[in-house]
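# Structural overview
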Amino acid sequence: MAREALPAQALYTPCDPRQFSFETTAELEELSQIIGQARAQQAVDFGVSIQRDGYNLYAMGPSGMGKHAMVRGVLEERSATRPTPPDWVYVNNFEQNHRPLALRLPPGQGNVLARDMAHLVEDLSTAIPSAFESDEYRASAQAIDEEFRERQTHAFDELATQAATRNVKLFRTPSGFAFAPMQEGKVLGPEEFEHLDKREQERIEKIVAELQAQLQVVIQQIPQWRKDSREKLKKLNNDVTLAAVGHFIDDLKVKYQQLPEVLKYLDDVSKDVVEKVDDFRKEDGAENPMGGPAPKPTELHRYKVNVLVDNGATQGAPVIYLDHPTYQDLVGRAEHLAQFGTLVTDFTLLKPGALHRANGGYLMLDAHKLLSHPFAWEGLKRALYANRINIESLEKMLSLVTSVSLEPTPIPLDIKVVLLGDRLLYYLLYQYDPDFGELFKVQADFEERITRNSDNDQTYARLIATLAKKDKLRPFDRYAVARVIEYGARMIEDAQKVSTHMRSIADLLCEADYWACAHQSPVITVEDVQHAIDQQIYRASRVREQLQEEVQRGTLLIDTTRAVIGQVNGLSVLSMGNFSFGEPARITATVHLGEGNVVDIEREVELGGAVHSKGVMILGSFLAARYAQHHPLSLTASLVFEQSYGRVDGDSASMAELCALMSALSGIPIRQSLAITGSVNQNGESQPIGGVNEKIEGFFDVCRARGLDGSHGVLIPVSNVKHLMLRHDVVEAAEKGLFHVYDYENVDQAFELLTGIAGGTADSEGNFPPDSANGRVQARLVKMAEIRASFGDRHKHSDGSDDEHTESPHP
């Protein structure tokens, strides 16, 4: 029996507003959790709670599901119960300047230490010069200098006295010292010395030589005496410096006595100040406008404290979302300054990354953005594997430069990372990156739909109330809430489900609020919601309207009145951004004698996708299985989407193509007032397809523009009935009998609806009644097989072949 059209009630499943006890959503309590995400909620709770390496999270689902809001809410709630992480600062390494030291301090103490060190430098810049300008220091330094001079003078005086007793005088000349002989208290000149006898000259020369040797000994001792003097002066300077510095450093040590790393750093500072005390002393000619000494700021720069992470204002563990996850934004960087044509850096130019700021807490990252930035993913994995953050430039990591650069001490890492992304990216990472499964062991999979029932409708109403209060919208009345729920069901093409896509729902609520404001309505009504939906469609429907116009003008050939052999109205869906609409497409089939091939013209010209080609290949298998059990399938059939100039994919037209083939084989015309969609398997059974609502509405719009007369309709698989949420004008036309929607289970039912000819039932030998649709197809194929066989016999005779059977020499 021919199947009846679906009743209008089956085309749209409304939400009954009478089930709601409230008048407006202002009366409802807000939701504390996102609706329908119990699985994801449990996964996030587990991932956040377990404190083991590798148990980071990947929250997966389409964009707009509310993943970020839900995960952040859980993290912030959990972070309030965790201790505030420490501050981290970088200070100078006085032994190896290129390896700055990282110091860990209690929360808020980083800036305190930085201020204390700044005050220390300021105090030392005043105290040290004052100490060195004191009378006591000058007297001590002068005494050391005088001691050296006296020692030197005493040595020369003693040598001069000894020389005088031997009638030799010691002279100080511009070039050094010299000895000259004396006689009767007078220095002998060269001529007078020449007049002396030889024995006297030799005696004097011997005495002078002895004195010269003694003079050489004295001169050789002077550098040692000078060194001893410098050592004494250095010791004096150290003592003076320690006296000036000691009590400042001691005060700081008392303040930071619970922090061994800081105490060691203060000791290093004290030693460095003593060793480089001249940097604090007043420069020659330098003046301080405040009246004190003028220190050398560039030299004192090394005593600064670079506060990398300050958690003084943080309550609990930090929750950080990094919107631009580059490598440097993740692990930190060392900035550079241009000086005299070169780039220089030091520990004060080290800048933190998101890993530093989130250390001790939680870091949220968009997976797609993370993978889009070079080396960011590798940098994150290295940090998670090593459990430490190492600030390292990309040039050094890739061994592109060999110059000396900063090598800051790594900072221990204690963090929970949450990646937000879609499912495909998760599966790709899991498949192709072995590190991913080791580092992100918890997946939080967000549901895109929930079941429509009374309880969930009540919860959905609270969701609408929550979003409205969050965005400061007008309250929704119960009828508006019911329309939003119906909209959520249409979004996911399922009358028994409703969407949990938060962004789409929130956008609709905001737009409905806008139209309510335009109408000066204090409450958002169903008319406002419907107007918002209509406007969304209108803004995106320019292409749809143009295509519909071309159909009416006859540019796109769609027949809705005649009955044609080998031609059927198929249905397709076009998606443009966030808007999808249906369009009818003429599908034609031709058959002729051949070798059992079904030619997909779309595939032959490389316009058909793999799924579409698979559907066409199934048609050949179906024909052979049903009609060619006792003879070869002796046809060649071609199928084509007429006026299709783009790529075609999907198998939702395979049932329409099969019906077109059966029409071409049987000679039975197909009613063009009907369109059909659906997939078919090798047994001829219908299979569900997507976009069923858009497809029905697309053909309805064409038929309505030409005038509905009760003959128009669409055939859909029976398994798609539960997905129907059609527009109200389509439902109204169905109620009036002007438009019909039929469901079918198999190709026989579909072909009977399209042609009015029953498919017929095969007997025990596989033969169908001659007047049935299947019988006519079978008869045509048998005729083709006979023609092909007779053609083969004639071909054999023309070749001189023997008709008798010849035994093969092989068993």
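Up top is the structure.
These lines cover the structure that appears in this document, whether it is placed above or below.

Definitions and cut-offs
- Residues numbered from 1 in each chain as written.
- Predicted model: local features only at pLDDT ≥ 70, side-chain atom pairs only at ≥ 80, totals over all residues.
- Heavy atoms only, no water.
- Phe/Tyr/Trp six-rings, centres within 6.5 Å; stacked < 30°, edge-to-face > 60°.
- Helix = DSSP H or I, 4+ residues; strand = E, 2+ residues; numbered from the N terminus.
- Buried < 20%, exposed > 50% of the residue type's maximum accessible area, 1.4 Å probe, protein only.
- Contact = heavy atoms within 4.5 Å.
- Pairing = 2+ DSSP bridges.
- Expected span 1.5 Å × (residues − 1).
- Polar contact = N/O pair within 3.5 Å; in protein donor to acceptor, adjacent residues only side chain to side chain.

## Thoughts on the packing of aromatic side chains
Summed over all chains, the structure comprises 19 aromatic pairs. An aromatic cluster is present here, built from Tyr 58, Trp 377, Tyr 426, Tyr 427, Tyr 430, Phe 436 and Phe 440 joined pairwise through their rings.

## Some points on the environment of Ala 653
The topology assignment puts Ala 653 in the loop between strand S24 (635–641) and helix H23 (654–666). We classify Ala 653 as buried; its relative accessible area is 6%. Taking the C-alpha atoms as reference, Ala 653 lies 6.2 Å from Ser 679; in sequence the two are 26 residues apart. The contacts of Ala 653, once residues within four sequence positions are left out, are Ile 587, Phe 641 and Gly 678.

## Here's the deal with the pairing of strand S7 (residues 305–309)
Within S7, four of the five residues are buried, which leaves the element mostly enclosed by the surrounding structure. Taken together, the four bridges between strand S2 (residues 87–91) and S7 define a ladder with antiparallel strand orientation. Along S7, the bridge assignment pairs Tyr 90 with Asn 306.

## A short note on helix H16 (residues 454–470)
In this model, H16 (17 residues) spans 24 Å end to end at C-alpha, consistent with the 24 Å of a helix rising 1.5 Å per residue. Taken as a whole, H16 has its buried residues at Asp 457, Tyr 460, Ala 461, Leu 463, Ile 464, Ala 465, Thr 466, Leu 467 and Ala 468. Looking at the buried positions of H16, the neighbouring elements they touch are strand S18 (449–451), helix H17 (478–491), strand S19 (497–499) and helix H18 (502–518). You can read the cap of H16 off the contacts: a side-chain oxygen lies 3.2 Å from the backbone nitrogen of Asp 455, and it is on Asn 453. One or two residues past the end of H16 sits Lys 472, with phi positive at roughly 55°.

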